[in-house]
Amino acid sequence: MPVFYDSHCHIMNLSHPNLMALLKRVFMDSVPRRLIWLFEHLGAIPLFLKILIWFLLFLPLLVVLLLVVPFVLFMLLLLLIPPAKASLVEKLKEKAAKITNLLAVMETEIGDCLIQLEEELRKQYETKGGLVLYGGSGEEVCDRIVMTPLVMDFGLKNYRNSKSPYKVRWKPVVSQVEDLCLGFRNYYLYRSAYIKSAEGPLPPLFEFHPFLGLNTVNYQLQSSPAREGHSSFLEDLLEKNFSGFECDTSPEMRRINLSKRDWSTFDGNIESIGPYDFAGIKVYPPLGFNPWPEEGDGYPDSSEMEREREKVLYLYDFCIGHNIPLTTHCNDGGFLVNNSYREFSSPEKWAKVLEQKVEYRALRLNLAHFGGAEREDWREMIAGLLLKYDNVYTDISYQGVDRKIYGRLKLLLDSYGADRDRLLKKIVFGSDFMINLQDIASYGKYLQYFAETDAFTLEEKGLLCHENAMRYLFLM
Ligand SMILES: [Zn+2]
């Protein structure tokens, strides 16, 4: 098992996320918007109702104040006790250091970010020549790490609701792809200036096969009526990036075709990006991608709902016809830009997709994050789908920021008794780097927690970071 797969990570810079969309949800879709509505309509309401509203409005505030004031006083009191003060200050410093670290990694050029990751890992495993996995009394050295950075389609079509003079009107995914591919190129071109050994130059530790971020909401089918602004067609996007995949009749063919891409020769021209530059597709429901548009999902009318449904059907048929792995965010957190999108992430939506027709059993799907640590119901549902459908997988990205997660995962798997081994073959390792830096100091540390946990044997670790990943990616 010389190749380690990190099947869920993100490599982006500060210009890529749609920060306006997030700000809008935090400040406008929540309390302030409701308050504004209330103040606007207050004049028309009878006096006794007004008094009642004010009372109800301030009741929670009063309760919060009663809880917060003693808490603040308690914290201030703690600050008077030197050991407690030191630990509190330490915690604040730690959080600030993590945020600074995340900002630094998002601000530096992507190639430099990747070089720094390799420098860190080379230092960590100095004499071993790669990442070392431990298990029982044995160990295994992985001298190559395959990363599949997931591009996210941050474009949103709801800008019309914005009252600002200037709006985020288009946030094309192509500029993100351009930055990412230039980053790959720069990693290969400049790494030797930083990474050296006494024996001479070292071969690159990383290999990259990105996933294309796609939100069908931002595209239209050629058959649909034209809409305002310029149109991007779903058919063109998929054809441009994945034509040729349908001829890969075996995983070996896919592996050979993907390995032909030499990123060091990328000329910076987005037009030269095409088949085999991406290994799969990433969809992200918190940004509005709806896996199964249906009544009650907030569409203005049924024809709009039908149009969205047609697009996702096209996408699934295309993915199946071309054997494209499709990763979807599947926990109820994330970069949520509208509260009504929260349920789009639910595995229940995917259960509806998979049961549409027997052909959909061939959909190569990764329900990422295993539902998240807080949603046991989602996790259970995902486990059911993993057991029911051969081509459905899940990943454990982000959760490994806490080294105890692996012990808990082992307990969960053990509780499935006879199905344990079948489930274990459907779980894929992922880091969720660089998002995970909110809760962990570095990429090396995240990998180290996995490499060193005694919750899994060396063979079981090999399933998660090698075999299962390769099967999901149609490389084995
Ligand atoms: Zn992620």
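Residues numbered from 1 in each chain as written. Predicted model: local features only at pLDDT ≥ 70, side-chain atom pairs only at ≥ 80, totals over all residues.

K.L.:
Help me out: how do you make sense of the overall build of the protein chain in this one?
P.N.:
In terms of helices and strands, the protein chain carries 15 helices and 13 strands. Expressed as lengths along the three principal axes of its C-alpha atoms, the size of the protein chain is roughly 80 × 70 × 50 Å. Expressed as a percentage of the 476 residues in the protein chain, the buried residues total 36%. Contacts in the protein chain between residues at least 24 apart in sequence constitute 79% of all its contacts with a sequence separation of at least 6. (Helix = DSSP H or I, 4+ residues; strand = E, 2+ residues; numbered from the N terminus. Buried ≥ 20, exposed ≤ 12 C-beta atoms within 10 Å, placed from the backbone. Contact = placed C-beta atoms within 7 Å.)

K.L.:
What's the story with unusual backbone geometry in this structure? I'm lost.
P.N.:
Excluding glycine, residues mostly carry a negative phi; peptide bonds, for their part, are mostly trans. A cis geometry characterises the amide bond from Phe433 onward to Met434, with omega recorded as -10°. Counting through the fold element by element, Met434 comes out in the loop between strand S13 (427-428) and helix H14 (443-452). Here Asn323, not a glycine, exhibits a phi torsion of approximately 55°, which is positive. Inspection of the secondary structure assignment puts Asn323 in the loop between helix H9 (302-322) and strand S10 (326-331). Even without a glycine there, the phi angle at Phe370 is positive, about 50°. Inspection of the secondary structure assignment puts Phe370 in strand S11 (residues 365-371).

K.L.:
Help me understand H14, please; the structure alone is not making it clear to me.
P.N.:
For an α-helix the count is 3.6 residues per turn, leaving residues at separations of three or four pointing the same way. If you check which residues of H14 are buried, you get Tyr443, Tyr446, Leu447, Phe450 and Ala451. Along the axis of H14, the buried residues cluster in a sector spanning 135°; they form a single face. (Arc of directions from axis to C-beta.)

K.L.:
Would you mind going over the environment of Gly298 with me for this structure?
P.N.:
Its location among the elements puts Gly298 in the loop between strand S9 (280-283) and H9. Sequence spacing of Gly298 and Ser340 is 42 residues, and the spatial spacing of their C-alpha atoms is 7.7 Å.

K.L.:
Could you clarify how one ought to interpret the nonpolar core in this entry?
P.N.:
A general feature of soluble globular proteins is that nonpolar side chains tend to end up buried together. Core analysis: the largest hydrophobic core is formed by 99 residues, its most contacted members being Leu131, Ile281, Cys319 and Phe429. Those residues in contact with Leu131 that lie beyond four places of it in its chain are Phe4, Leu121, Tyr125, Cys142, Ile145, Leu447 and Ala451. (Core = buried A, V, L, I, M, F, W, Y, C linked by C-beta atoms within 7 Å.)

K.L.:
Quick question: what am I supposed to make of the pairing of S9 here?
P.N.:
The side chains of a regular strand alternate, first on one face of the sheet and then on the other. Neither face of S9 is open: one carries Gly280 and Lys282, the other Ile281 and Val283, and all of them are buried. Where S9 lies against S10, three bridges are found, and the strand directions are parallel. By the bridge assignment for S10, Lys282 is matched with Thr327. Between S9 and its parallel partner S10, the chain crosses via H9, and the hand of that crossover is right-handed. (Pairing = 2+ DSSP bridges. Right-handed = clockwise from strand over helix to strand, strands pointing away.)

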